[in-house]
Amino acid sequence: VGAARWMRPAYEALRAMGERAASSTLARLLGEALYAQERLAEAEELSRTGEEIASPDDFDAQYRWRALRARIRARAGAHVEAEQLAREAVSIAQRADAPCDQAAALLAHGEVLRVMGRTADASVAFTAALERCAAKGDVVSAQRIQRHVAIGTEVA
């Protein structure tokens, strides 16, 4: 709630100025904050804004709007679309030497698979995400993913 409250004015100011790079990042971050609050329609709208304004060569923005929208669409029951978006997010993230980004995309894919009831496949994605975090030495994210897997709730 606090993150959304602080990000929204910055996001709106950047959009009003016509700025695109930072506002695509803020759209995604604000969308994630709203997703965590179960404000899915607003989060999806921000993922669409991120899609529209992100540079085609900004791999971070390209995988992140897909990962966010995939999780939203899965929860809305649009499983085919959600899985396709999640797979695209993973594919984009895999092209960069950024294990934490790869882990984030894999985590989103795992969440989509779990919502679809494909728990074995979700476990494979979560394990791969954990491996990426371990490879980078990101203990905090690894613990967060492990808790997520252990208790079966969504990571915000």
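Residues numbered from 1 in each chain as written. Predicted model: local features only at pLDDT ≥ 70, side-chain atom pairs only at ≥ 80, totals over all residues. Heavy atoms only, no water.

Peer 1: Describe the overall build of the chain, naming the residues involved and giving the relevant values.
Peer 2: In terms of helices and strands, the chain carries 8 helices and 0 strands. The helix and strand sequence of the chain, counted from the amino end, reads α-α-α-α-α-α-α-α. For the chain, the C-alpha radius of gyration of 15 Å lies close to 15 Å, the compact-globule estimate for 156 residues. Based on the C-alpha atoms only, the size of the chain along its principal axes is roughly 45 × 30 × 30 Å. By residue count, 48% of the 156 residues in the chain fall in the buried class. Considering only residue pairs separated by 6 or more positions, the chain has 54% of its internal contacts joining residues 24 or more positions apart. As displayed, the chain offers around 7800 Å² of accessible surface, 55% of which is attributable to carbon and sulfur atoms. (Helix = DSSP H or I, 4+ residues; strand = E, 2+ residues; numbered from the N terminus. Rg over C-alpha atoms; globule rule 2.2 N^0.38 Å. Buried < 20%, exposed > 50% of the residue type's maximum accessible area, 1.4 Å probe, protein only. Contact = heavy atoms within 4.5 Å. Areas by Shrake-Rupley, 256 points an atom, 1.4 Å probe, with all protein chains shown as cover.)

Peer 1: Talk me through the side chain of Arg-64; I want residue IDs and the actual numbers.
Peer 2: With respect to the element layout, Arg-64 can be found in helix H4 (residues 59-75). A distance of 2.8 Å separates polar atoms of two side chains, one belonging to Arg-64 and the other to Asp-101. Sequence-distant contacts of Arg-64, defined by excluding residues within four places in its chain, comprise Arg-28 and Asp-101. (Polar contact = N/O pair within 3.5 Å; in protein donor to acceptor, adjacent residues only side chain to side chain.)

Peer 1: With reference to specific residues and values, describe the environment of Arg-118.
Peer 2: Relative to the helices and strands, Arg-118 resides in the loop between helix H6 (99-115) and helix H7 (119-136). With relative accessibility at 30%, the residue Arg-118 sits in the partly exposed group. Discounting residues that sit within four places of it in the chain, Arg-118 has contacts with Glu-83, Arg-87 and Leu-113.

Peer 1: Quick rundown of the nonpolar core? Include the residues and the values.
Peer 2: One broad rule of soluble globular proteins: the nonpolar side chains tend to lie buried together. Membership of the largest hydrophobic core comes to 20 residues, with the highest contact counts inside it found for Tyr-63, Ala-89, Ala-105, Leu-106, Ala-129, Cys-133 and Ile-145. Taken together, the elements giving at least two residues each to this core come down to H4, helix H5 (79-94), H6, H7 and helix H8 (139-151). With 14 residues, the next largest nonpolar core counts Ala-4, Leu-26, Ala-43 and Leu-46 among its residues. (Core = buried A, V, L, I, M, F, W, Y, C linked by side-chain atoms within 4.5 Å.)

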